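Structural overview for review
So you can see what is in the structure, the chains are spelled out below.
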Amino acid sequence: MSAASSLLSEEQFLCSICLDVFTDPVSIPCGHNFCKTCITQHWDVSVQCQCPMCKEVFDRRPLLRVNTLISEMAAHCPDQRCAKPGEVPCDVCTGTKLKALKSCLVCLASYCETHLEPHQRMTGLKRHKLIDPVEDLEGRMCKKHDRPLELFCKTDQMCVCLLCTVLEHKSHHFVPLKEGYEGKKAELGKTEAEIQQKIQERRLKIQEIKHSVELSEEDADREIADSLRVFTALMQSVERGQAELTEAIQEKQKTTEKQAEGFIKELEQEISELMKRTAEVEQLSRTEDHLHLLQSFPSLNTPPHTKDWTEVSVHRSSYEGTVRRAVAQLEETLRKEKKKLSVDVELKRVQQYAVDVTLDPDTAHPHLILSDDGKQVKDGDVKKNLPDNPERFSLYVNVLGKQSFSSGRFYYEVQVKGKTEWGLGVARGSIDRKGLMSPSPDNGYLTVWLSNGNDYRALADPPVLLSLKSKPQKVGVFVDYEEGLVSFYDVDAAALIYSFTGCTFTEKLYPIFGPCVNYGGKNSAPLIISPVNHTD
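Residues numbered from 1 in each chain as written. Predicted model: local features only at pLDDT ≥ 70, side-chain atom pairs only at ≥ 80, totals over all residues. Heavy atoms only, no water.

**Remarks on the sheet that holds strand β12 (residues 399-400)**
- Taken together, six strands build an open sheet; the order of strands is β12-β21-β14-β15-β16-β17 and the sheet is antiparallel. Bordering the open sheet on either side are β12 and β17 (464-466), each of which pairs with just one other strand.
- Across three bridges, strand β16 (residues 455-458) lies against β17 in antiparallel orientation. Residue pairing for β17: arginine 457 is matched across the bridge by leucine 465. (Pairing = 2+ DSSP bridges. Helix = DSSP H or I, 4+ residues; strand = E, 2+ residues; numbered from the N terminus.)

**Side note on the pairing of strand β14 (residues 422-428)**
- Along β14, six of the seven residues are buried, which leaves the element largely enclosed by surrounding structure.
- Here β14 pairs with strand β21 (residues 509-514) via six bridges, running antiparallel. Bridge pairing in β21 places valine 426 opposite proline 511. (Buried < 20%, exposed > 50% of the residue type's maximum accessible area, 1.4 Å probe, protein only.)

**So, the pattern of salt bridges**
- Tallying each qualifying case throughout the model produces 14 salt bridges.
- One salt bridge in this structure joins lysine 375 and aspartate 356, with 2.5 Å as the shortest N-O distance. With lysine 375 in the loop between β10 (368-370) and β11 (376-379) and aspartate 356 in the loop between α9 (322-350) and β10, the pair connects residues that are 19 residues apart, well separated along the chain.
- By relative accessible area, which is 19% here, lysine 375 ends up buried.
- Assessed through its relative accessible area of 54%, aspartate 356 is described here as exposed. (Salt bridge = Lys/Arg side-chain N within 4 Å of Asp/Glu carboxyl O.)

**Observations concerning the packing of aromatic side chains**
- With the rule as written, the count across this model stands at nine aromatic pairs.
- Plain terms: the ring middles of tryptophan 43 and phenylalanine 58 are 6.4 Å apart, the flat faces sit at 70° to each other, and that makes the pair edge-to-face. With tryptophan 43 in helix α2 (residues 36-45) and phenylalanine 58 in the loop between α2 and β3 (65-66), this residue pair connects regions lying 15 residues apart in the sequence. (Phe/Tyr/Trp six-rings, centres within 6.5 Å; stacked < 30°, edge-to-face > 60°.)

**A short note on the sheet that holds strand β1 (residues 25-27)**
- The three strands are arranged β2-β1-β3 in an open sheet whose pairing can be described as antiparallel. Sheet topology places β2 (33-35) and β3 at the edges, where each strand pairs with a single neighbour.
- Running at roughly 90° to β2, α2 makes contact with β1 and β2 of the sheet. (Contact = heavy atoms within 4.5 Å. Axes fitted to C-alpha atoms, helices over the stretch in contact; angles between N-to-C directions.)

**Focus on the packing of helix α7 (residues 177-285) against helix α8 (residues 290-301)**
- Between α7 and α8, the shortest axis-to-axis distance is 11 Å and the interhelical angle comes to 160°. Here α8 runs roughly antiparallel to α7, going by the angle between their axes. Considering how the two elements wind past one another, α7 and α8 form a crossing that is left-handed. Contact residues: Arg277, Glu280, Val281 and Leu284 in α7; His292, Leu293, Ser296, Phe297, Ser299 and Leu300 in α8.
- For the contact of α7 with α8, a count of residues per class yields five nonpolar, three polar and two charged. (Parallel < 35°, antiparallel > 145°, perpendicular 65-115°, else oblique. Left-handed = near helix turned anticlockwise from the far one by under 90°. Nonpolar A, V, L, I, M, F, W, Y, C, P; charged D, E, K, R; others polar.)

Interpretation note: all reported values are geometric properties and have no functional meaning in isolation.
Have a look at this one:
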């Protein structure tokens, strides 16, 4: 078959449409051959069905028949195909260049299977060095000595020929090309690994940036929603203030009008009486009856009783200062509303840092009773027989949370409903749990306490008496470790109770809970760590 194929010209293996070796060669009625896909696609886009070679037109699309002879020859000659872009062509082929199988470093030429045959047969040519086909063969030759580059000079980091080793590169350090190749390949592997690491780092950075954008978008949406709510409430306050002012002015005007209407009614009644007396006087003055005039004169000569209207007047209502006072009142209302709304927004923000806190029984004072789930604590009046470990409170009726925090922000809520005394906050891990000392910031405590049912104090240095508008039923505790901030909130009223600011934290912080003494059942309600329900 190879002998038969050698008798055929190269063009007979090529499809005239794709100019490549036949794939599924088929014949059409005029005798020309094409790849099945090529001729099918050609006819699919052509206006009429004709042969691309001889232009013979067919009335209907011909039935395509496989050309078995060309198909078998093409199948047995897979390497005898035309060189595609990016492939090394044979330097000997004329016309269509076939793909080269080998390149000769001695001849400085590349050969297809047919033209490579002398190098495989002739003794002199067999000694030539053949390599996989490459395009730039001259680049593999020493430009000074016109010899193959066979060694790698590690001193000058370049490829050299044998003459270079005794001339220009004498006394340099040389290694075979393969060894140099392996060394550089290892370096490339390391470089590739470093590049891949940088790519991964940058992909992670992209994810980080995208995540930051997403968080920023969430913050922006939340701020827009909060601002809409705040400004809606403020506008409602303004509209309400305007309506109240308008109503007050209108009521004042109505009072003035009502007073004027009363005066007018009295005056009209007096006018009516006077007009009636005038008519009687005129009638009497026209009478000729001497006796009648004399008898009637005393009653008609005296004017009817009337009011002295000299000092009576309707004064215009004075509105001077009304608007100013209303604006001042509105400003105060807006200030209070603004403060309330800002705290509400702040509370929503800190609630995002809610953490799950449970009570640590190893730290609980022996009088305390903890629930099985570690969420409730109260004073049981009776001292339990518990090991006096270093972590346990021995004097103060306190218990710490199991969770500690040494960075970031955290928030939790505690129900204090029904209690007359309690204490909440955070404490350093190194606090004295055995001796008598003041629970102040200097001693590691940052807490707020209730005593005697209505005495709220922040145990700062010195303690701060707190004036609260309402009695908190649930208290929120927020800590920003890096900022040195500990804040307490009345959750239901969305009001700030107190903030410790400017603190410096260098060790772990623990939530601390003080249910205080039972006092014979007066303070028997437990402190309850509650799940955080984010405000709407």
